[in-house]
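What follows is each chain in one-letter form.
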Amino acid sequence: MGQTRLLGSRPPGLSRALRGPWDLEGAQLLTQTIAKAAKERNLPLQANLNGGTHALALGLYLALEGPHQAHYLDGAEIIEHFTERRRPPWDEGDPRTLLALRGYRLEIKQELGTPKPDQELAALARTILNKKSWTDAAWVEDSTVKRFLKLWNRRFWGALQSNDREGKKGLLLEYLVYAELNQFLQKRGGTALFGGRLSPLGRPTKDHHTSEVDGLVYYRGELIPVECKLSGSNKNFHPPFSQALAERLGGSRGRALLIAHQWTGGAPPPPSPKLIYMVLNGEKLPEGVYRFPEDLELIFKA
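Since we're looking at a predicted model, the values are computed, not measured.

**Q** How would you sum up the overall build of the chain? Please name residues and give values.
**A** Looking only at helices and strands, the chain features nine helices and 10 strands. Taken across its 302 residues, the chain has 42% of its residues classed as buried. For the chain, the exposed surface amounts to about 17700 Å²; the carbon and sulfur share of it is 50%.

**Q** I'd like a description of the nonpolar core, backed by residues and values.
**A** Counting 42 residues, the largest nonpolar core has Phe148, Trp152, Tyr175, Leu181, Val217, Leu257 and Phe300 as its most contacted members. With 11 residues, helix α7 (residues 169–185) is the largest single contributor of residues to this core. When near neighbours in sequence (up to four residues on either side) are disregarded, Trp152 contacts Leu112, Pro115, Leu121, Trp157, Gly158, Leu160, Leu171, Tyr175 and Phe194. Counting 13 residues, the second-largest nonpolar core is a separate cluster that includes Leu99, Leu106, Tyr218 and Leu249.

**Q** Go over the layout of surface pockets, please, and point to the residues and values.
**A** Taken as a whole, the second largest pocket holds about 300 Å³ of empty space. Forming the boundary of the second largest pocket are 15 residues, of which Lys109, Leu112, Leu171, Glu174 and Phe194 lie nearest the centre. Listed by contribution, the elements that provide at least two residues to the lining of the second largest pocket are α7, β5 (191–200) and β6 (211–219). When the residues that make up the lining of the second largest pocket are grouped by side-chain class, the tally is five nonpolar, four polar and six charged.

**Q** Which residues make up the environment of Leu193, and what are the values?
**A** In this fold, Leu193 is placed in strand β5. For the pair formed by Leu193 and Val217, sequence separation is 24 residues and the distance between their alpha carbons is 6.4 Å. Ignoring sequence-local partners within four residues, the contact set of Leu193 consists of Pro95, Arg96, Leu106, Tyr178, Gly215 and Leu216.

**Q** Go over the side chain of Ser242 with me, naming the residues and quoting the values.
**A** Residue position: Ser242 is located in helix α8 (residues 239–250). Here the side chain of Ser242 touches Glu227 through a polar contact of 2.8 Å, side chain to side chain. With near-sequence residues (within four places) excluded, Ser242 lies in contact with Glu227, Ala256, Leu258 and Leu275.

**Q** Tell me about the pairing of β5, and name the residues and values.
**A** Within a regular strand, side chains alternate between the sheet's two faces. Burial within β5 is extensive, with eight of its 10 residues counted as buried. One ladder, built from four bridges, connects strand β4 (residues 104–107) with β5; its direction is antiparallel. Following the sheet pairing, Tyr104 is matched in β5 by Pro200. As defined by bridge partners, β5 adjoins β6 across seven bridges and the pair is classed as antiparallel. Of the residues in β6, the one forming a bridge with Leu193 is Leu216.

**Q** Could you give an account of a nonpolar patch on the surface, with specific residues and numbers?
**A** On the surface, Leu24, Leu58, Tyr61 and Leu62 cluster together into a nonpolar patch covering about 360 Å² of accessible area. Of the residues forming the nonpolar patch, the biggest block, three residues, is contributed by helix α2 (residues 54–63). Take Tyr61: it is sitting in helix α2.

**Q** I'd like a rundown of the packing of helix α4 (residues 119–129) against helix α6 (residues 143–156), residues and numbers included.
**A** One can describe the packing of α4 onto α6 by two numbers: an axis separation of 10 Å at closest approach and a directional angle of 160°. Considering their axes alone, α4 and α6 lie roughly antiparallel with respect to each other. The handedness of the crossing between α4 and α6 is left-handed. Counting all contacts with α4, which are made through Glu120, Leu121, Leu124, Ala125 and Ile128, the residues of α6 involved are Thr144, Val145, Arg147, Phe148, Leu151, Trp152, Arg155 and Phe156. Looking at the contact of α4 with α6 residue by residue, the class counts come to nine nonpolar, one polar and three charged.

**Q** An account of the sheet that holds β4 is requested, with residue identities and associated values reported.
**A** Here seven strands make up an open sheet; going across it, the order is β4-β5-β6-β7-β8-β9-β10 and the pairing mixed. The open sheet has two edge strands, β4 and β10 (289–291), and neither has a second partner. Each neighbouring strand pair of the sheet contributes to a mean axis angle of 45°, computed without reference to strand direction. Bridge count for strand β9 (residues 275–281) against β10 is three bridges, and the pairing is parallel. Within the sheet, the bridge partner assigned to Val279 lies in β10 and is Arg291.

**Q** So what's going on with α7? Which residues, and what values?
**A** End to end, α7 covers 25 Å across 17 residues, agreeing with the expected 24 Å (1.5 Å per residue, within 8%). Within α7, 14 of the 17 residues are buried, leaving the element largely enclosed by the surrounding structure.

About the criteria used
- Residues numbered from 1 in each chain as written.
- Predicted model: local features only at pLDDT ≥ 70, side-chain atom pairs only at ≥ 80, totals over all residues.
- Heavy atoms only, no water.
- Helix = DSSP H or I, 4+ residues; strand = E, 2+ residues; numbered from the N terminus.
- Buried < 20%, exposed > 50% of the residue type's maximum accessible area, 1.4 Å probe, protein only.
- Areas by Shrake-Rupley, 256 points an atom, 1.4 Å probe, with all protein chains shown as cover.
- Core = buried A, V, L, I, M, F, W, Y, C linked by side-chain atoms within 4.5 Å.
- Contact = heavy atoms within 4.5 Å.
- 1 Å grid on protein atoms, 1.4 Å probe; cavity = no way out; pocket = protein on both sides within 12 Å on 5 of 7 lines; lining within 4 Å.
- Points joined across faces, edges and corners; volume = space filled by probe spheres on them.
- Nonpolar A, V, L, I, M, F, W, Y, C, P; charged D, E, K, R; others polar.
- Polar contact = N/O pair within 3.5 Å; in protein donor to acceptor, adjacent residues only side chain to side chain.
- Pairing = 2+ DSSP bridges.
- Patch = residues over 30% accessible without salt bridge, like charges linked within 9 Å, V, L, I, M, F, W, Y side chains within 5 Å.
- Salt bridge = Lys/Arg side-chain N within 4 Å of Asp/Glu carboxyl O.
- Axes fitted to C-alpha atoms, helices over the stretch in contact; angles between N-to-C directions.
- Parallel < 35°, antiparallel > 145°, perpendicular 65-115°, else oblique.
- Left-handed = near helix turned anticlockwise from the far one by under 90°.
- Expected span 1.5 Å × (residues − 1).

See the structure below:
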(Lines give C-alpha, C1' and ligand atoms only; values in the text may rest on other atoms or scores of the structure.)
Protein backbone atom coordinates (compact mmCIF):
# COMPACT_ATOMS: atom_id res chain seq x y z
CA MET A 1 0.00 0.00 0.00
CA GLY A 2 1.42 3.37 -0.98
CA GLN A 3 2.14 5.88 1.76
CA THR A 4 2.42 9.68 1.48
CA ARG A 5 3.87 12.24 3.91
CA LEU A 6 3.31 15.98 3.83
CA LEU A 7 5.75 18.74 4.70
CA GLY A 8 3.78 20.70 7.29
CA SER A 9 0.27 20.27 8.62
CA ARG A 10 -2.14 17.99 6.76
CA PRO A 11 -5.03 19.62 4.86
CA PRO A 12 -8.47 18.53 6.19
CA GLY A 13 -9.87 15.36 4.68
CA LEU A 14 -6.61 14.17 3.16
CA SER A 15 -6.17 10.41 3.04
CA ARG A 16 -2.56 9.40 3.60
CA ALA A 17 -2.86 5.92 2.07
CA LEU A 18 -3.75 4.51 -1.35
CA ARG A 19 -5.65 1.28 -1.87
CA GLY A 20 -2.83 -0.13 -3.96
CA PRO A 21 -0.19 0.62 -6.62
CA TRP A 22 -2.86 1.03 -9.35
CA ASP A 23 -5.24 3.28 -7.41
CA LEU A 24 -5.43 6.03 -10.04
CA GLU A 25 -8.51 7.70 -8.53
CA GLY A 26 -6.91 7.74 -5.08
CA ALA A 27 -3.63 9.14 -6.46
CA GLN A 28 -5.50 11.90 -8.30
CA LEU A 29 -7.54 12.82 -5.21
CA LEU A 30 -4.44 12.78 -2.99
CA THR A 31 -2.31 14.99 -5.24
CA GLN A 32 -5.28 17.24 -6.04
CA THR A 33 -5.68 18.01 -2.35
CA ILE A 34 -1.96 18.75 -2.01
CA ALA A 35 -1.94 20.97 -5.13
CA LYS A 36 -4.97 22.89 -3.86
CA ALA A 37 -3.38 23.43 -0.44
CA ALA A 38 -0.15 24.69 -2.07
CA LYS A 39 -2.10 27.09 -4.30
CA GLU A 40 -4.10 28.47 -1.35
CA ARG A 41 -0.85 29.14 0.55
CA ASN A 42 0.86 30.56 -2.55
CA LEU A 43 3.59 27.92 -2.37
CA PRO A 44 5.47 26.41 -5.31
CA LEU A 45 4.76 22.75 -5.92
CA GLN A 46 7.51 20.30 -6.86
CA ALA A 47 7.11 16.54 -7.09
CA ASN A 48 9.79 13.88 -7.37
CA LEU A 49 8.19 10.77 -8.87
CA ASN A 50 11.33 8.61 -8.91
CA GLY A 51 10.37 5.16 -7.78
CA GLY A 52 6.65 5.93 -8.09
CA THR A 53 4.07 3.91 -10.02
CA HIS A 54 2.38 4.85 -13.28
CA ALA A 55 -0.77 5.59 -11.29
CA LEU A 56 1.06 8.13 -9.12
CA ALA A 57 2.53 9.91 -12.15
CA LEU A 58 -0.75 9.96 -14.09
CA GLY A 59 -2.74 10.89 -10.99
CA LEU A 60 -0.52 13.91 -10.43
CA TYR A 61 -0.79 14.92 -14.09
CA LEU A 62 -4.61 14.78 -13.93
CA ALA A 63 -4.68 16.70 -10.64
CA LEU A 64 -2.64 19.71 -11.75
CA GLU A 65 -4.40 22.86 -12.87
CA GLY A 66 -2.94 25.77 -14.85
CA PRO A 67 0.54 25.83 -16.38
CA HIS A 68 2.99 23.20 -15.25
CA GLN A 69 6.12 21.56 -16.58
CA ALA A 70 7.29 17.96 -16.46
CA HIS A 71 10.85 16.68 -16.82
CA TYR A 72 11.70 13.05 -17.40
CA LEU A 73 15.20 11.79 -16.68
CA ASP A 74 16.36 9.16 -19.17
CA GLY A 75 19.86 8.04 -18.32
CA ALA A 76 22.08 11.14 -18.53
CA GLU A 77 19.51 13.27 -20.40
CA ILE A 78 16.36 15.22 -19.54
CA ILE A 79 13.38 14.90 -21.87
CA GLU A 80 11.25 18.06 -22.04
CA HIS A 81 7.85 18.27 -23.72
CA PHE A 82 8.27 14.60 -24.67
CA THR A 83 10.63 15.50 -27.55
CA GLU A 84 13.55 17.76 -26.54
CA ARG A 85 16.59 16.21 -24.92
CA ARG A 86 19.35 17.99 -23.00
CA ARG A 87 21.88 17.35 -20.27
CA PRO A 88 20.58 17.96 -16.75
CA PRO A 89 21.84 21.27 -15.27
CA TRP A 90 23.37 19.53 -12.25
CA ASP A 91 25.40 22.61 -11.29
CA GLU A 92 22.17 24.59 -10.79
CA GLY A 93 20.96 22.18 -8.13
CA ASP A 94 20.64 23.32 -4.53
CA PRO A 95 21.35 20.60 -1.94
CA ARG A 96 19.18 22.31 0.69
CA THR A 97 16.21 22.38 -1.68
CA LEU A 98 16.75 18.72 -2.52
CA LEU A 99 17.01 17.98 1.19
CA ALA A 100 13.70 19.79 1.76
CA LEU A 101 12.09 17.64 -0.94
CA ARG A 102 13.18 14.66 1.17
CA GLY A 103 11.42 16.25 4.16
CA TYR A 104 14.45 17.53 6.11
CA ARG A 105 16.47 20.62 6.91
CA LEU A 106 20.10 20.80 8.06
CA GLU A 107 20.71 22.60 11.37
CA ILE A 108 24.30 23.51 12.26
CA LYS A 109 25.26 23.97 15.91
CA GLN A 110 25.08 27.62 16.90
CA GLU A 111 28.58 27.66 18.39
CA LEU A 112 30.03 26.74 14.98
CA GLY A 113 28.72 29.88 13.28
CA THR A 114 28.58 29.61 9.48
CA PRO A 115 31.39 27.29 8.28
CA LYS A 116 32.69 27.87 4.75
CA PRO A 117 35.63 26.48 2.75
CA ASP A 118 38.84 28.20 3.89
CA GLN A 119 42.26 27.11 2.63
CA GLU A 120 44.17 28.33 5.68
CA LEU A 121 41.90 26.52 8.13
CA ALA A 122 41.99 23.36 6.04
CA ALA A 123 45.80 23.45 5.96
CA LEU A 124 45.90 23.91 9.73
CA ALA A 125 43.54 20.99 10.23
CA ARG A 126 45.69 18.74 8.03
CA THR A 127 48.90 19.78 9.85
CA ILE A 128 47.36 18.89 13.20
CA LEU A 129 45.84 15.63 12.03
CA ASN A 130 49.10 14.52 10.37
CA LYS A 131 50.91 14.38 13.70
CA LYS A 132 51.66 10.76 14.44
CA SER A 133 50.45 10.57 18.01
CA TRP A 134 48.40 12.60 20.41
CA THR A 135 48.00 12.48 24.13
CA ASP A 136 45.16 14.40 25.74
CA ALA A 137 47.66 16.73 27.43
CA ALA A 138 49.55 17.42 24.19
CA TRP A 139 46.30 18.12 22.38
CA VAL A 140 45.03 20.59 24.98
CA GLU A 141 48.35 22.46 25.15
CA ASP A 142 49.16 22.56 21.44
CA SER A 143 49.31 26.14 20.13
CA THR A 144 48.27 25.08 16.61
CA VAL A 145 44.98 23.74 17.92
CA LYS A 146 44.38 26.98 19.81
CA ARG A 147 45.14 28.95 16.65
CA PHE A 148 42.70 26.82 14.63
CA LEU A 149 39.84 27.47 17.08
CA LYS A 150 40.53 31.21 17.25
CA LEU A 151 40.73 31.47 13.48
CA TRP A 152 37.47 29.51 13.18
CA ASN A 153 35.65 32.02 15.41
CA ARG A 154 37.08 34.95 13.48
CA ARG A 155 36.24 33.59 10.02
CA PHE A 156 32.87 32.00 10.76
CA TRP A 157 31.51 34.11 13.64
CA GLY A 158 31.72 31.04 15.84
CA ALA A 159 31.75 30.73 19.60
CA LEU A 160 34.20 27.87 20.15
CA GLN A 161 36.04 28.08 23.47
CA SER A 162 39.82 27.94 23.02
CA ASN A 163 40.24 26.54 26.55
CA ASP A 164 37.83 23.70 25.78
CA ARG A 165 39.79 21.77 23.18
CA GLU A 166 39.07 18.23 24.26
CA GLY A 167 36.60 16.57 21.91
CA LYS A 168 37.49 18.94 19.04
CA LYS A 169 39.62 16.38 17.18
CA GLY A 170 36.52 15.21 15.35
CA LEU A 171 35.73 18.79 14.32
CA LEU A 172 39.11 19.13 12.59
CA LEU A 173 38.57 15.94 10.62
CA GLU A 174 35.01 16.92 9.67
CA TYR A 175 36.16 20.34 8.49
CA LEU A 176 39.10 19.00 6.49
CA VAL A 177 36.83 16.45 4.80
CA TYR A 178 34.28 19.19 4.04
CA ALA A 179 36.95 21.51 2.57
CA GLU A 180 38.55 18.77 0.46
CA LEU A 181 35.19 17.62 -0.88
CA ASN A 182 34.24 21.16 -1.84
CA GLN A 183 37.55 21.75 -3.61
CA PHE A 184 37.10 18.55 -5.60
CA LEU A 185 33.40 18.98 -6.41
CA GLN A 186 33.27 22.67 -7.31
CA LYS A 187 34.93 21.94 -10.67
CA ARG A 188 32.43 19.19 -11.36
CA GLY A 189 29.16 20.94 -10.65
CA GLY A 190 28.81 19.54 -7.13
CA THR A 191 29.15 20.88 -3.62
CA ALA A 192 29.43 19.81 0.02
CA LEU A 193 27.65 21.05 3.13
CA PHE A 194 29.14 21.06 6.61
CA GLY A 195 27.51 18.61 8.98
CA GLY A 196 24.78 19.12 11.53
CA ARG A 197 21.43 17.75 12.58
CA LEU A 198 18.87 16.58 10.04
CA SER A 199 15.51 17.65 11.42
CA PRO A 200 12.12 16.97 9.84
CA LEU A 201 10.31 19.87 8.22
CA GLY A 202 6.94 20.82 9.62
CA ARG A 203 5.31 18.87 12.38
CA PRO A 204 7.29 15.75 13.34
CA THR A 205 5.55 12.42 12.75
CA LYS A 206 6.35 8.89 13.82
CA ASP A 207 7.86 8.31 10.36
CA HIS A 208 10.40 11.12 10.74
CA HIS A 209 13.77 10.68 12.37
CA THR A 210 16.35 13.17 13.62
CA SER A 211 19.86 12.20 12.61
CA GLU A 212 23.33 13.68 12.92
CA VAL A 213 25.52 13.86 9.83
CA ASP A 214 29.14 14.99 9.60
CA GLY A 215 28.55 16.37 6.13
CA LEU A 216 26.43 16.16 2.99
CA VAL A 217 27.55 15.86 -0.63
CA TYR A 218 25.49 16.98 -3.61
CA TYR A 219 26.61 15.52 -6.93
CA ARG A 220 24.61 15.09 -10.14
CA GLY A 221 21.27 15.18 -8.35
CA GLU A 222 22.43 12.80 -5.61
CA LEU A 223 22.51 13.56 -1.86
CA ILE A 224 25.23 11.59 -0.06
CA PRO A 225 25.59 11.66 3.76
CA VAL A 226 29.13 11.76 5.17
CA GLU A 227 30.26 10.08 8.41
CA CYS A 228 33.71 10.82 9.86
CA LYS A 229 35.65 8.80 12.44
CA LEU A 230 39.13 9.40 13.83
CA SER A 231 39.70 5.65 14.00
CA GLY A 232 38.27 3.57 11.19
CA SER A 233 37.23 -0.02 11.78
CA ASN A 234 34.22 -2.27 11.38
CA LYS A 235 33.42 -1.60 15.04
CA ASN A 236 33.56 2.19 14.88
CA PHE A 237 31.40 2.67 11.81
CA HIS A 238 27.72 1.74 11.86
CA PRO A 239 26.91 0.29 8.41
CA PRO A 240 23.18 -0.42 9.02
CA PHE A 241 22.57 3.16 10.18
CA SER A 242 24.63 4.67 7.36
CA GLN A 243 22.90 2.54 4.75
CA ALA A 244 19.44 3.42 6.09
CA LEU A 245 20.31 7.14 6.04
CA ALA A 246 21.71 6.85 2.50
CA GLU A 247 18.46 5.29 1.31
CA ARG A 248 16.39 7.89 3.14
CA LEU A 249 18.22 10.72 1.34
CA GLY A 250 19.06 9.08 -1.97
CA GLY A 251 16.46 6.37 -2.52
CA SER A 252 17.11 2.69 -3.12
CA ARG A 253 20.42 3.49 -4.88
CA GLY A 254 21.58 6.01 -2.28
CA ARG A 255 25.22 5.96 -1.14
CA ALA A 256 27.09 7.08 2.00
CA LEU A 257 30.71 8.18 2.49
CA LEU A 258 32.44 6.76 5.58
CA ILE A 259 35.75 8.58 6.09
CA ALA A 260 38.32 7.81 8.79
CA HIS A 261 41.51 9.55 9.86
CA GLN A 262 43.28 6.19 10.07
CA TRP A 263 42.18 2.61 9.46
CA THR A 264 42.86 0.62 12.57
CA GLY A 265 40.46 -2.25 12.14
CA GLY A 266 42.78 -4.56 10.22
CA ALA A 267 40.04 -6.56 8.48
CA PRO A 268 38.45 -5.01 5.40
CA PRO A 269 34.90 -3.66 5.69
CA PRO A 270 32.00 -5.78 4.46
CA PRO A 271 31.48 -5.13 0.71
CA SER A 272 28.54 -2.89 -0.11
CA PRO A 273 27.76 -0.81 -3.22
CA LYS A 274 26.10 1.78 -0.98
CA LEU A 275 28.85 2.31 1.61
CA ILE A 276 32.13 3.91 0.45
CA TYR A 277 35.02 3.64 2.92
CA MET A 278 37.88 6.15 2.70
CA VAL A 279 40.92 6.95 4.86
CA LEU A 280 42.83 10.22 5.19
CA ASN A 281 46.13 8.80 6.41
CA GLY A 282 47.25 5.34 5.42
CA GLU A 283 49.48 3.52 2.96
CA LYS A 284 48.61 -0.15 3.21
CA LEU A 285 44.83 -0.18 3.23
CA PRO A 286 42.60 -3.26 3.23
CA GLU A 287 40.63 -4.15 0.12
CA GLY A 288 37.58 -1.97 -0.34
CA VAL A 289 39.05 1.09 1.44
CA TYR A 290 39.95 4.15 -0.68
CA ARG A 291 42.44 6.96 -0.03
CA PHE A 292 40.99 10.39 0.74
CA PRO A 293 41.06 12.66 -1.21
CA GLU A 294 43.30 10.96 -3.81
CA ASP A 295 40.68 8.41 -4.89
CA LEU A 296 37.69 10.73 -5.15
CA GLU A 297 37.97 10.50 -8.94
CA LEU A 298 37.01 6.82 -8.64
CA ILE A 299 33.95 7.63 -6.53
CA PHE A 300 32.54 10.60 -8.42
CA LYS A 301 32.78 9.65 -12.05
CA ALA A 302 31.53 11.99 -14.77
